Structures are given as C-alpha cells and as structure tokens.
Amino acid sequence: KNGNCAVREETSGTRRHQEILTESSLESLQQITRVKRSRMHFRNLVLLLLSLNTVVFCGQDYPFMDPSLPWHERVNDLVNRLTLEEMVLQMARGGAGKNGPAPPIERLGIKPYSWNTECLRGDAEAPGWATSFPQALGLAASFSSDLIYRVANATATEVRAKHNYFTSIGNYDDHTGLSCFSPVINIMRHPLWGRNQETFGEDPFLSGALSTAFVKGLQGDHPRYIKANAGCKHFDVHGGPENIPVSRFSFDAKVEERDWRMTFLPQFQACVQAGTYSIMCSYNRVNGVPACANKKLLTDILRTEWGFPGYVVSDEGALEFIMEKHKYTKNFLETAIASVSAGCNLELAFDLADNVFMKIQEAIAEGNISVQLVKERVRPLFYTRMRLGEFDPSDMNPYSTYDQSLVQSEEHRKLSLEAAIQSFVLLKNLKGILPFSIRDITGKRIAVVGPFADNTEVLFGDYSPVPDPQYISTPRQGLETLPADIHFAAGCSNPKCDQYSPTEVKTVVQSADIIVVCLGTGTSIETEGMDRRDLSLPGHQENLLKDVVSTAAGHPVILLLFNAGPLDISWAKANESVNAILECFFPAQSTGMAIVKTLVDVDEVNPAGRLPATWPAGMEQVPAMENYTMEGRTYRYYGGQVPLYPFGYGLSYTTFSYSNLIIAGTSVPICGNLTMSVEVENAGQRDGDEVRSDSSEQRA
C-alpha cells in the first residue's frame, strides 16, 4: 500500500509495467469479479489484465491520459477533475523563483512544470552549455525566413534535449521547461530603446514574416507533438522607454487607433496565424489601461478578432505593477479580478509566492469572477502541455528520445557560423577593397584594436545562451587563423571607453599594414532596463578611431561595429581613410570565424545582410521616446528627412541589375494584394545573394 494506491511491478514480455490501482479501480475490479461470480484471487486478476496488455496505474484510468481521445475531450476531463485550489495554483505559478514551477497534482499523476524558458536565439539561461546564435536583430538583417526557421528549430532541439535530461533527474527549476518566451516581435520604433537588439527591426511586415518562421521552426512539423512552444511578446504597443525618461513599469503608451492597427498589431496577428501557443502581455499601459488587464487587447482583439486559442502569460512582475506602479487597482484582489477577466491565463511574478493570482479564490468567493471563467483560463495551459507530449506514452513522442548529444552539435555550430555571416551588413567598401585575397594578407602585419577586438563577454548581447568556451572566437582569434602577423590593442577595457590609452593603440597601428577597428555598444550601454541617451559611439571610441586613421599612414582601415541601436558614424562614413565599414550586430559564439570568412576571400563569402531599421543622421531626427505617434519614425513615416542609412541598406561584393518591372494593376483595394514581378541579374564577377524589398506609398 502506498497512500490510496496498491503498487506492484510485473514483467510482460520485454516491457515492464508498474501497476498502481486506485481504490476506485479496486471497486471496479471487485464489481467485475462479482458479476462473473468468480472466486479468482485479486493477484490472479491483475495477472489476467497484464496478459491482455492492459496497464492501469494511478491516473491512467482517466480519459485525459488516453491518447486515442480528441484533445478537447482530454483537456476537459483533466480540468473538470481539478479542485479550485489546484486550478489557482496552476495559474499562479508561471515562474520565476518562488513563483514556480507549476506544482504537481499527485493524485492525478501530474508532474511539476516550468513555464519560464527563454529561447530568443538558443536555450538561454538554462543550466549548462548551449549553442548561441546571433542576436535577433542581426538575424533579421538576413531578411531570410529560412534562416530564422532553422535557427529556431535548432534552438528547440536543444531546449527539448536539455528538458528531457532535467526531468529525468527531477529538476523543474526556472528555464528547464519547453514553453518559450520568444520571439520578441515589438517594432523597433525608436533608435535609443534598450531592447532593439531583441527585435526583428522596424517593419511590421518583415517582423510578421520572420516571427511566422520562428514560431513554425520552434514548434516543429510533427503532426501531433510540438517540439517546444512559442510565446510572442510583448503585447502590445511596447517599444520603449525602458528607463529614459520614465520607467517601463509605469509607462502609458498613448497610441492612435491607426498606428495601433498598422504598426503595433500586424506582426502579432501573423504570430497568431502561425500557430503560437502563447502571447506575453507587456508592462505598459495602452491608452490608460495596463496591457495585462486590457480586455480590448487580450479578449476583443486577440481572441475575438484573431481567434487565438492559446494562453496569455504576464511579463515578469507585470501583474503586481498594475497596482504598485500604474496605480490602476488598489490591491492584489482587484488586480486578479481585472487581469483574469481581461484574458490573462498565467502569472509570471518577481520571485513572489503570495502573488496576484493567489487572490483568485477570494475573488470567486466574493462573486467577482466565476469558476467557469477560471476553467476557461486553465484549459489552454493543459492543452499546451498535452501537445508537448506530457500525458502520452513517451514512445509515441519522437522528441522524447532527444538527449544532450544534440546540444552544441557540429550541425548547430555550423549553423551559428552561417547565421553570423548572413547577419553582417556591408555599409561601406571604397574601391572594392574587400574582400582581401589570401595573397593580400599573407605575411602582412594586421592590427586589431578596440574594446570589442578580444573580449568574449561583449559579443553576445542580451538573452544569449552560454556556449562552451572552446566554441567562442573573437575577432582577434579569428584573424589569428590567417597566415599573417596579428597584433592587438584594446585601447579601452570595456565598451563604455571612459578610460582610453591612445599610446597603446598608436603603437600597434603605426607598424601595421592593415588595421581592423572593433567598436560598438554591448549590454553595458543598451539592454533590457537601459536606454541610450544619444546616438554617439560610447566614451572615447570615436577618438580611438580618429587616432587609428591619423596613425595608419594611408594603410587600409576596416571598421567593425558591434551594436543594435543605430550609431552616429557620420565621420567614419564620410572619411575616405576609413576604407570599409561592416555592421556585425552581436554575432555570438562564431564572431571571429564569421569575420575572417567575410573579410578575406577564402570561402567566396559575400555579405548580403540589409539594415532592418533606419539609421538617423543625427539626434535632430530622433523624436521623443515617450511619443508614440509614428510620424517621423521608421522608413514608412520618415518624411523628407535624409537618414544616415535607410532601412534595407546594404552593399555586396558584386552588383545586381533590375529590369522588366511589371505591376499588375494600378490600385490596391482595402486589405487587398498587389502582384509585382521583376528580373534580377547578377552583373558582377562573383556569386551573391540579393535582398529585394519593395515599398509603395498610397495616398487617399
């Protein structure tokens, strides 16, 4: 006897069964015995059932454990067996810290589950190594849905493999689950926003196309099971500020309906249409109503207009902030009523056990919300877990065989390198100086300088997995694989570059034949919770570049930029002594090797990345962060201003020509399509990829 279960292990053929019979099962068996008027001993009856390949254990006699039944029947059966207290805990335990995992329901054989997993471009924040792919904004620069799909699919493989290991040892801590808070599909509407790096850029259509690819790649193509489930965030009208001039935790985004519908909603609708299982509601208010308590947003638009069947999870602490920061409610009880009624299913809290959703039971007792509404909010949580395969026999789910040999596999490391190369944007290439040939650099003295030249910590950006150090290469390490004499000087110890050693830099540069300068921002300058104040290169970085140029004595100077938000590099763009500029974003673990293959003609690499956001020519082109009108923002509404670099800009090592443009029709109906065709020809001497983007302006 073990509680209400009788446990016995038997072997039938090569399969081992664990027989756990509940008291209700015993009663049923006893009734069968009486009907048949058999004096069969109970043990003999169990053996008879075994011979019929019938396995009964604690929980598997319930319909929700029967994989032959339709999903909705299984979900309804499970939810209807839950007590109110159990449902509340499932909704209240979304993570992090003390707020997770969702607790087990032992009487039904349901295990704990961790909802708090980050998968932006690899299995981030989970224990152990994982492949780190380039930051999302860099991936967006590829303009490649295929690349995004493959990166997301590889990410899901590693998430699933590590999850299988974690559950095998009983680890259900944060970041061990299969439900991802990814992708980030907010619009890069302001160049100084700290989280630009996590987005797919400034265009809703591009963001929608790439988020569609991400969702499908992450969730996989199995007809029954999903590999890991996507969670598109942050819903909605969320794109700064983080902390300048006010906190994101209390900010009210005032948006006109036109801008809301045409800029801030389309990519989320695409995400829903792609089949995402989750949406994360954001910290901010939208026109006075907190996003996580906003019925228009979470019910009227998301569920009624778009037909979203999944679950909404709050951003971490967002429900507490409805009261504490927005002052929208007076206490956690009012907050629970508002958010549950609006459409929130799951609370992610700041390491808080007695959080907002723990007040749901009190709200029901006072008649503010119904038990039926709570059941509606719980159903998508268990439906998701079912589709992940949790309640089916493991041998039915091919993903259950994934093990840690798939983590950081050679295939994934090669994909990380390919992705980094595809993310690079060539901004300048005077007289076709790039790529260098092997003959050009053999035996030459190459100086690699700057705070990003040999610092592994600054090459990854936010929400990056931690790869095994043996797979990380810096620009210096990559260049050291060449048949050249490599010399290094940081000049600054960190990206802030508040302390600069010009002598160190000049000493290395003055005897060099080629100089590679590595500048940028990094997460000490722009990140979640930290906006930038201007477009300038941080600290003394521009002084470092000017010292390089003045000391180089006419030798080639190649500028590599590691950043997300646009930088004012107007001096470098205009100065002919800066021969080439390559925007690298945050390329992650394969940085060094990707740079070498791009700068030196060893594998016929040809940069094809394009800027996924407009680069302003100066601060006079940067509107106030807290102003959410789209006027003067992004290429769609930039007006007559001339940016430093426009959206979609990027050079190639070859040239392309366009001809025979055909537009089928002279007008576009509301919500209609326009068909166009054009012939593109490679008119250069080497193979290359061309990103073609078309935009038109329709005036009413």
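Located above this text is the structure these notes cover.
The sections below set out a description of the structure shown in this document. This structure is a prediction, so every number in the text was calculated from the model and none was measured.

So, how was this worked out
- Residue indices follow the written sequence of each chain, beginning from 1 at its first position.
- Since the coordinates come from a predicted model, pLDDT governs what is reported: local features require at least 70, and pairs of side-chain atoms require 80 or more to be given and counted, while whole-chain, interface and lining totals use all residues.
- With hydrogens and water excluded, all non-hydrogen atoms of the structure serve as input to the side-chain values.
- Here the axes come from fitting lines to C-alpha atoms, over the contacting stretch only for helices, and the angles between their N-to-C directions go from 0 to 180 degrees.
- What counts as a helix is a DSSP run of H or I of at least four residues, what counts as a strand is a run of E of at least two, and both are numbered from the N terminus.
- Any angle that falls under 35 degrees is termed roughly parallel, while one over 145 is termed roughly antiparallel, one within 65 to 115 roughly perpendicular, and all others oblique.
- Note on convention: near helix rotated counterclockwise from far helix by under a right angle means a left-handed crossing. Clockwise means right-handed.
- Any two residues whose heavy atoms approach within 4.5 Å are treated as being in contact.
- The nonpolar class holds Ala, Val, Leu, Ile, Met, Phe, Trp, Tyr, Cys and Pro. Asp, Glu, Lys and Arg form the charged class, and all remaining residues, Gly among them, are polar.
- The salt bridge definition used is simple: a Lys or Arg side-chain nitrogen within 4 Å of an Asp or Glu carboxyl oxygen.
- Each residue is assigned to one of three classes by its accessible area relative to the maximum for its type, calculated with a 1.4 Å probe on protein chains only: buried under 20%, partly exposed between the two thresholds, exposed over 50%.
- Each helix should span, by expectation, one fewer than its residue count multiplied by 1.5 Å.
- The definition of a nonpolar core used throughout is a set of buried Ala, Val, Leu, Ile, Met, Phe, Trp, Tyr and Cys residues joined through side-chain atoms within 4.5 Å.
- Between any two strands, pairing holds if DSSP finds at least two bridges.
- In this description, a disulfide is simply a cysteine sulfur pair whose atoms lie within 2.5 Å.

### Topic: the packing of helix α4 (residues 84-92) against helix α14 (residues 371-387)
So, point 1. Interhelical geometry of α4 versus α14 gives an angle of 60° and a closest axis separation of 10 Å. The orientation of α4 relative to α14 falls into the category oblique. Every pair of crossing elements has a handedness; the one defined by α4 and α14 is left-handed. Of α14, the residues touching α4 (which contributes M87, Q90 and M91) are V371, V374, K375, R377, V378, L381, F382 and R385.
So, point 2. Residues belonging to the contact of α4 with α14 are distributed by class as follows: seven nonpolar, one polar and three charged.

### Some remarks on unusual backbone geometry
So, point 1. In this chain, K233 is followed by H234 through a cis amide linkage whose omega measures 0°.
So, point 2. Note the cis peptide between L434 and P435, where omega equals 5°.
So, point 3. Relative to the helices and strands, P435 resides in the loop between β9 (425-429) and α16 (438-441).
So, point 4. Backbone geometry places H175, a non-glycine residue, at a positive phi of 70°.

### Looking at the pattern of salt bridges
So, point 1. All chains considered together, the criterion is met by 27 salt bridges.
So, point 2. The residue K162 makes a salt bridge to D123 at a minimum N-O spacing of 3.7 Å. With K162 in helix α6 (residues 145-168) and D123 in the loop between α4 and α5 (136-141), the pair connects residues that are 39 residues apart, well separated along the chain.
So, point 3. Close ionic contact of E690 with R610 constitutes a salt bridge, the shortest N to O distance being 2.8 Å. Of this pair, E690 sits in the segment after β16 (675-682) while R610 is found in the loop between α21 (591-599) and β15 (656-664), placing the two residues 80 residues apart along the sequence.
So, point 4. Taking relative accessible area as the criterion, E690 reaches 29% and is therefore assigned partly exposed.
So, point 5. Given a relative accessible area of 3%, R610 falls into the buried group.
So, point 6. It is possible to trace a salt-bridge network through shared partners that takes in R195, E198, E242, R248 and E528.

### Focus on α6
So, point 1. The first and last C-alpha atoms of α6 sit 34 Å apart over 24 residues, in line with the 34 Å expected at 1.5 Å per residue.
So, point 2. Two residues or fewer past α6, G170 is found with a positive phi of approximately 75°.

### Some points on the nonpolar core
So, point 1. Of all hydrophobic cores here, the largest spans 116 residues; its most connected members are F64, L218, F235, W260, F357, I360 and I369.
So, point 2. Sort the elements by how many residues they give to this core and α6 lands first, with seven residues.
So, point 3. Other than its neighbours up to four places away in sequence, F235 contacts L265, F268, I279, M280, C281, S282, A291, L297, L298, L302 and W306.
So, point 4. In terms of nonpolar packing, the next biggest core, distinct from the first, is built from 40 residues, A512, V549, F586 and L611 among them.

### Regarding the sheet that holds strand β4 (residues 252-253)
Adjacent strands of a sheet form backbone hydrogen bonds with each other and so pair up, either parallel or antiparallel.
So, point 1. Within the open sheet, the three strands sit side by side as β4-β6-β7. Their pairing is mixed. Among the strands making up the open sheet, the edge pair consists of β4 and β7 (289-290).
So, point 2. Pairing between strand β6 (residues 285-286) and β7: two bridges, direction antiparallel. Across the sheet, residue V286 finds its bridge partner in β7, namely V289.

### Side note on the state of the cysteines
So, point 1. Taken as a whole and assessed by the stated rule, the structure comprises four disulfides.
So, point 2. Here C119 connects covalently by a disulfide to C180, the sulfurs 2.0 Å from one another. Classification of the bridge connecting C119 and C180 rests on its S-S torsion, roughly -70°, and on that basis the disulfide is left-handed. Residue C119 is located in the loop between α4 and α5, and its partner C180 is located in the loop between α6 and α7 (204-219); the two are separated by 61 residues in the primary sequence. For the pair shown, C119 and C180 are each scored as buried.
So, point 3. There is a disulfide in this structure between C492 and C497, and the S-S distance comes to 1.8 Å. For the pair C492 and C497, a shared accessibility class is recorded, and that class is buried.
So, point 4. Its sulfur unpaired, C344 is 4.4 Å from the next cysteine sulfur, which belongs to C281.

From the geometry alone we can't say anything about function, so treat these as descriptive.
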